[in-house]
Amino acid sequence: MLAHEQDDRAGEELARYLLDTGALSSDWVESFRAVPRSRFLPDMVWAYDMETGRSEPVDRSDSAAWRRAAFADVPLVTQWDDGRHTGTAPGTVPTSSASMPSVVTAMLRELDVRDGMRVLEIGTGTGWNAGLLAHRLGPGQVVSVEIDGAVAVRARATLARAGLAPELVHGDGQEGWAVGAPYDRVVVTAGVREVSPHWLAQTRPGGLVLAPFGTHYSDQDALARLTRHEDGSASGPFLRMVEFMKLRAQRLDWGRFDGHVVDFPGGAEVSGTGVGMGELGGRYDAVRFVIGLCVTDCAHVVNGAGEEGSGKAWFFDLGSRSWAAVDFRRDEAEAAVYQYGPRRLWDEVERALRWWKGLGGPGVERFGLTVKAEGDARPWFGEPGRVLPRFA
């Protein structure tokens, strides 16, 4: 079988799988088949395992392995460390990727585009998503903004070879692209910690902003589908958990906490808690995301997680030198709690956990977000009027 025939068959199998699972809607099938992800991939990619968190290099010279990766429903890292990385071993921080096809097609479904609409995309990456939109909507209807110059150059060339011509802008996606406004839809393909007021200002009233939103409490994102109102604000529900590389300007710099814990435990107040480490939630658990919404300006990480139920959870205040640490040990009824500074961060986390449990442990789809025209965001539960409590 010729290479292009193998690609066609692999692409058709992927399309059928996405249709069967509901990730690909019927109105996107034609574009999905005409604009395969494989055309937008560089010769070297790293296939990311969602369960283990490991990335394995795949080179186009190994055609069988490369085809398996290109047509699999897995994310593929295409750049490490903002382009400073060299070699085939994974770098330190993945900074550009080709997202899972199921995530891409599901987001396009949620975007609800129709003929004649104009779309602004934040984060071009490989150009695949912009290519799908351009194929569906036609010339002059899609603008895509990419902050990385090298990534933008490669995406522009790849799109041209595919015969697709969205307007590709090298710039800071936080600023949007006012020259082409207003847009009917804005889709953000990076995790954000703030919804830019520029995106709202450049969206028509009644238009949609679709963005993976989260807090610095964790790496988690939930897909927010916001409807822009006449007063410039926007509001809407979280649809489901997703996972995206973070917008460069909104990444958390962990180095800012280097001076927080000078001499552990130092002058920290010591207490105990009966909360188990598992109650704080794992990578895709709603409780972890919701705690982050309630305990504002707080970063959280777990170190030394080995045996199940063991590890040290750290909490750092973004605005002061306050910190907390909880030492969870397997088979011990109580964990030791250390809290330092004016904020008692663990107390806030524990109260947020009790509040969430008191609601019956709802998933992220019961929550939503309202963003004022100037960008101030307020999460809510059930309906926009039920603003989440803040436990600070």
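Structure: above.
The written sequence of each chain sets the order in which its residues are numbered from 1. pLDDT decides what is reported in this predicted model: residues at 70 or higher carry local features, side-chain atom pairs at 80 or more are listed and counted, and totals for whole chains, interfaces and linings draw on all residues regardless. Where side-chain values are given, they derive from all heavy atoms of the structure, hydrogens and water being excluded.

**Topic: the overall build of the chain**
A run of H or I in DSSP counts as a helix once it spans at least four residues, and a run of E counts as a strand once it spans at least two, with each numbered from the N terminus. For the chain, the count of helices and strands is nine helices and 18 strands. All radius of gyration figures rest on C-alpha atoms, and the globule criterion is 2.2 Å times the number of residues raised to 0.38. Compactness check: the chain gives a C-alpha radius of gyration of 22 Å against a globular reference of 21 Å for 392 residues, within 12% of the reference. Residue exposure (1.4 Å probe, protein chains only): buried if accessible area is under 20% of the type maximum, exposed if over 50%, otherwise partly exposed. Taken across its 392 residues, the chain has 51% of its residues classed as buried. Should any heavy atoms of two residues lie within 4.5 Å, those residues are counted as being in contact. Put simply, 58% of the contacts in the chain that link residues at least 6 apart link residues at least 24 apart. In this tally, Lys and Arg are treated as positive and Asp and Glu as negative; His is ignored, and so are the chain termini. All charge positions are set by atom: Lys at NZ, Arg at CZ, Asp at CG, Glu at CD. Put simply, the chain has 43 plus and 54 minus side-chain charges, and the middle of one group is 2 Å from the middle of the other.

**Here we look at the pattern of salt bridges**
Oppositely charged side chains can pair when the atoms bearing their charge come close. Each salt bridge in this description consists of a side-chain nitrogen of Lys or Arg and a carboxyl oxygen of Asp or Glu lying within 4 Å of one another. Scanning all chains against the criterion turns up 22 salt bridges. In this structure, Asp82 and Arg248 form a salt bridge, with 3.3 Å as the shortest nitrogen-oxygen distance. Of this pair, Asp82 sits in the loop between β3 (76-80) and β4 (94-98) while Arg248 is found in the loop between β11 (234-242) and β12 (269-273), placing the two residues 166 residues apart along the sequence. You can call Asp82 partly exposed: its relative accessible area is 25%.

**So, helix α9 (residues 345-358)**
Here the expected span of a helix is defined as 1.5 Å times the quantity of residues minus one. Between the first and last C-alpha of α9 there are 20 Å, a value that for 14 residues agrees with the 20 Å anticipated at 1.5 Å per step. Phi for Gly360, located one or two positions after α9, is positive at around 95°.

**Quick look at the pairing of strand β18 (residues 377-381)**
Burial analysis of β18 places four of its five residues in the buried class, the great majority of the element. Examined bridge by bridge, strand β17 (residues 367-371) and β18 share five bridges and lie antiparallel to one another. Residue pairing for β18: Val371 is matched across the bridge by Ala377. When DSSP finds two or more bridges between two strands, those strands count as paired. In sequence, β17 turns back onto β18 through a hairpin of five residues, with Gly375 there showing a positive phi of about 105°.

**A word on helix α4 (residues 101-111)**
Extensive coverage of α4 is indicated by the burial of nine of its eleven residues. Considered for burial, the residues of α4 that qualify are Pro101, Ser102, Val104, Thr105, Ala106, Met107, Leu108, Glu110 and Leu111. Looking one or two residues past α4, Asp112 carries a phi angle of roughly 55°, positive in sign.

**A closer look at the sheet that holds strand β1 (residues 44-48)**
Spatial ordering of the open sheet is given by β2-β1-β3-β4, a layout of four strands whose pairing is antiparallel. Each edge of the open sheet carries a strand with a single partner, namely β2 (55-59) and β4. When strand polarity is set aside, the average angle formed by the axes of neighbouring strands in this sheet is 45°. Pairing geometry for β1 and β3, over two bridges, is antiparallel. Note on β3: the bridge partner recorded for Trp46 is Val77. Axis definition: a line fitted to C-alpha atoms, limited for helices to the stretch in contact. Angles are taken between N-to-C directions and run from 0 to 180 degrees. Across the sheet, helix α3 (residues 63-70) is in contact with β1, β2 and β3; its angle to β2 comes to roughly 125°.

**As for the state of the cysteines**
By definition, disulfides here are pairs of cysteine sulfur atoms that lie within 2.5 Å. Counting across every chain of the model gives zero disulfides. With no disulfide of its own, Cys294 lies closest to Cys298 among cysteine sulfurs, the gap being 12 Å. Note on Cys298: relative accessible area 2%, which makes it buried.

**Side note on the environment of Ala313**
Relative to the helices and strands, Ala313 is located in strand β14 (residues 311-317). Sequence separation of Ala313 and Tyr338 is 25 residues, and the distance between their C-alpha atoms is 10 Å. Not counting residues up to four positions away in its chain, the partners in contact with Ala313 are His300, Val301, Val302, Ala324, Ala325, Val326 and Phe328.

**Considerations on the layout of surface pockets**
Where empty space is left in the structure can be found by rolling a water-sized probe over the atoms. Reported here for the second largest pocket is a volume of approximately 460 Å³. Points on a 1 Å grid, built from protein atoms alone, make a cavity when a 1.4 Å probe fits but cannot get out and make a pocket when they are open with protein on both sides within 12 Å along at least 5 of 7 lines; residues with an atom within 4 Å of a point are the lining residues. In terms of lining residues, the second largest pocket is bounded by 25 residues, among which Arg193, Glu194, Phe213, Thr215 and Asp297 are the most central. Elements represented by at least two residues in the lining of the second largest pocket include exactly α8 (286-294) and β18. The biggest single contributor to the lining of the second largest pocket is β18, with three residues. Charged residues are taken to be Asp, Glu, Lys and Arg, nonpolar residues to be Ala, Val, Leu, Ile, Met, Phe, Trp, Tyr, Cys and Pro, and polar residues to be all remaining types, Gly included. Its residues assigned to classes, the lining of the second largest pocket shows eleven nonpolar, eight polar and six charged. Grid points are joined across faces, edges and corners, and a volume is the space filled by probe spheres set on the points.

**A look at the packing of α4 against helix α5 (residues 128-137)**
Between α4 and α5, the least distance of the axes is 11 Å, while the angle of their chain directions is 40°. By the angle between their axes, α4 is oblique relative to α5. You can see that α4 and α5 cross each other, and the crossing is right-handed. Between α4 and α5, the contacting residues are Pro101, Val104, Leu108 and Leu111 on the first element and Trp128, Asn129, Leu132 and Leu133 on the second. Classifying every residue of the contact of α4 with α5 gives seven nonpolar, one polar and no charged. Angle categories: roughly parallel below 35 degrees, roughly antiparallel above 145, roughly perpendicular from 65 to 115, and oblique for all the rest. Crossing handedness is defined as follows: a turn of the near helix away from the far one that is anticlockwise and smaller than a right angle gives a left-handed crossing, while the clockwise case is right-handed.

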